[in-house]
Amino acid sequence: MRRLFFALPVVVLAIAVAGCSSTSEQQAQQSEAAAAKAQQAAEQAEQDAAKAQAAADKATEAADRATKAVQEATIEINRVADHIDQMQRDREAAMHRHRRSHVTKSAHKAAAAKTAAAAPAAAPSSSTK
């Protein structure tokens, strides 16, 4: 019985170690599975990051094209505005010349009429001599 008494703790210890080893083995498998999932998640994250970088590059290119289009449109708008301003200055100058010409013509007509009126008055005195 003494033998059995000493053997019993050894058997219990062996069962406990076997139980612990199976628990450890199960934990190791779970850890490996978790590590594999983490690895897959990391790979997926890298792929997503690469896709996001490609999308960001495309967005940057589109923004650059839009900026260039805005600059070109601004240049064209400024060119048209300058042209309109020049047309307006030309029109105002033409109107000013027309007004001045009209006043000058009226002054010439008045002077011619005055000269014509003075000429007949001067002509009879010349013919009497």
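One can find the structure itself at the top, above this paragraph.
Note that residues are indexed from 1 along each chain, following the sequence as it is written. The model is predicted, so local features are restricted to residues of pLDDT at least 70 and side-chain atom pairs to those at 80 or more, both for listing and for counting; the totals for chains, interfaces and linings are taken over all residues. Values reported for side chains reflect all heavy atoms of the structure, with hydrogen atoms and water molecules removed beforehand.

Trainee: Could you clarify how one ought to interpret the overall build of the chain in this entry?
Mentor: Secondary structure is summarised from DSSP: a helix means a run of H or I of at least four residues, a strand means a run of E of at least two, and numbering begins at the N terminus for each. Summing up its helical and strand segments, the chain has one helix and zero strands in all. Computed with the Shrake-Rupley method and a 1.4 Å probe, the accessible areas treat only the protein chains shown as cover for residues. Element-wise, carbon and sulfur atoms account for 63% of the exposed surface of the chain, whose accessible area totals about 11400 Å².

Trainee: Quick question: what am I supposed to make of the pattern of salt bridges here?
Mentor: Pairing is possible between side chains that carry opposite charge, provided their charged atoms lie close to one another. Whenever a carboxyl oxygen of Asp or Glu lies within 4 Å of a side-chain nitrogen of Lys or Arg, that contact is scored as a salt bridge. According to the stated counting rule, one finds one salt bridge in the structure shown. Linking Arg79 and Glu76 is a salt bridge whose minimum nitrogen-to-oxygen distance equals 2.6 Å. Of the two residues, Arg79 and Glu76 both sit in helix H1 (residues 2-127), three residues apart, roughly one turn of that helix. Think of it in three bands: residues with accessible area under 20% of the maximum for their type are buried, residues over 50% are exposed, and the middle band is partly exposed, with areas taken using a 1.4 Å probe on protein chains only. Classification of Arg79 as partly exposed rests on a relative accessible area of 47%. Residue class for Glu76 comes out partly exposed when judged on its relative accessible area of 39%.

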